Amino acid sequence: MVHPSFYTTGEITKLASIGSPEDRDRARLFVAKADKAFSDLTTPEKELYDKYGLLSRYAPGGDIGGKSETHSLKLWSAHFGDDSYGYVWIWYTNEVKDEKDEVIQGSYDIPSLWIFEKDEEGVWKIIDIKEHP
C-alpha cells in the first residue's frame, strides 16, 4: 500500500499510468542494477555504495553472514520528463537466510519511489529513494 501521508500527491499520481515504453526501458536498466544489488552476498559493506550508489541500500553484502537470498522486484511505473527529473515506482520483497536457513534480513511488499535527475552530460542518476518508514 502506498501511504498518502508520506508521499506527495504528485508522486502518487505517477502510479496512474505505467509510463511510455521508452521510459520503462530506461528504468529497467536501473532495476537490473538493483537486482544485482539484492543478490550480492559477497561485497564488503564498505564497498557497496561505490558499486551500486543509492541502490546499495538493497545489497545485503558479505558482512551479515547471508548464505542464500530470494527477492522479487517489480517495475510499476516509470516517468522521465523533459524537466530533467524522473520518477520510478517499484515494488519489492526480499529475504536473506543464514547457513541454518533462518531469515536474518527481510523486507516484504515494499513500494519504493526512485527519484532521478539528469546531469549536465544528459545521464540519468538516482538522487533519492523514498520508502515509507
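Structure: above.
Values in this document were obtained by computation on a predicted structure and should not be read as measured data.

What counts and how
Residues numbered from 1 in each chain as written. Predicted model: local features only at pLDDT ≥ 70, side-chain atom pairs only at ≥ 80, totals over all residues. Heavy atoms only, no water. Helix = DSSP H or I, 4+ residues; strand = E, 2+ residues; numbered from the N terminus. Rg over C-alpha atoms; globule rule 2.2 N^0.38 Å. Core = buried A, V, L, I, M, F, W, Y, C linked by side-chain atoms within 4.5 Å. Buried < 20%, exposed > 50% of the residue type's maximum accessible area, 1.4 Å probe, protein only. Contact = heavy atoms within 4.5 Å. Polar contact = N/O pair within 3.5 Å; in protein donor to acceptor, adjacent residues only side chain to side chain. Pairing = 2+ DSSP bridges. Expected span 1.5 Å × (residues − 1).

**Let's talk about the overall build of the protein**
Okay, step 1: On a plain count of helices and strands, the protein comes out with three helices and four strands.
Okay, step 2: Seen in sequence order, the protein has helices and strands lined up from the N terminus as α-α-α-β-β-β-β.
Okay, step 3: Since a compact globule built from 133 residues should have a radius of gyration of about 14 Å, the 15 Å found for the protein is in line with a globular shape.
Okay, step 4: Over its C-alpha atoms, taken along the principal directions, the protein stretches across nearly 50 × 35 × 25 Å.

**Things to note about the nonpolar core**
Okay, step 1: Ranked by size, the top nonpolar core spans 23 residues in total, and within it L55, Y58, V88, I90, W114 and F116 carry the most contacts.
Okay, step 2: Elements with a minimum of two residues in this core: helix 2 (21-39), helix 3 (45-52), strand 1 (68-80), strand 2 (85-97), strand 3 (103-118) and strand 4 (124-130).
Okay, step 3: Other than its neighbours up to four places away in sequence, F116 contacts F30, F80, S84, Y85, G86, V88, W124, K125, I126 and I127.

**Notes on the side chain of S77**
Okay, step 1: Mapped onto the fold, S77 is located in strand 1.
Okay, step 2: Of the polar contacts made by the side chain of S77, one reaches the backbone oxygen of K14; its length is 3.1 Å.
Okay, step 3: For S77, the residues in contact, after removing those within four places along its chain, are K14, L15, S17, I18, R24, Y87, V88 and W89.

**With respect to the pairing of strand 4**
Okay, step 1: Where strand 3 lies against strand 4, six bridges are found, and the strand directions are antiparallel. Bridge pairing in strand 4 places E117 opposite K125.
Okay, step 2: The hairpin formed by strand 3 and strand 4 contains five residues between the paired strands, and G122 there has a positive phi angle of roughly 85°.

**Side note on helix 2**
Okay, step 1: Given a rise of 1.5 Å per residue, 19 residues ought to cover 27 Å, and the 26 Å separating the end C-alpha atoms of helix 2 matches this to within 8%.
Okay, step 2: By the burial criterion, the buried members of helix 2 are D23, R24, A27, F30, V31, A34, A37 and F38.
Okay, step 3: Looking at the buried residues of helix 2, the elements they touch are helix 3, strand 1, strand 2, strand 3 and strand 4.

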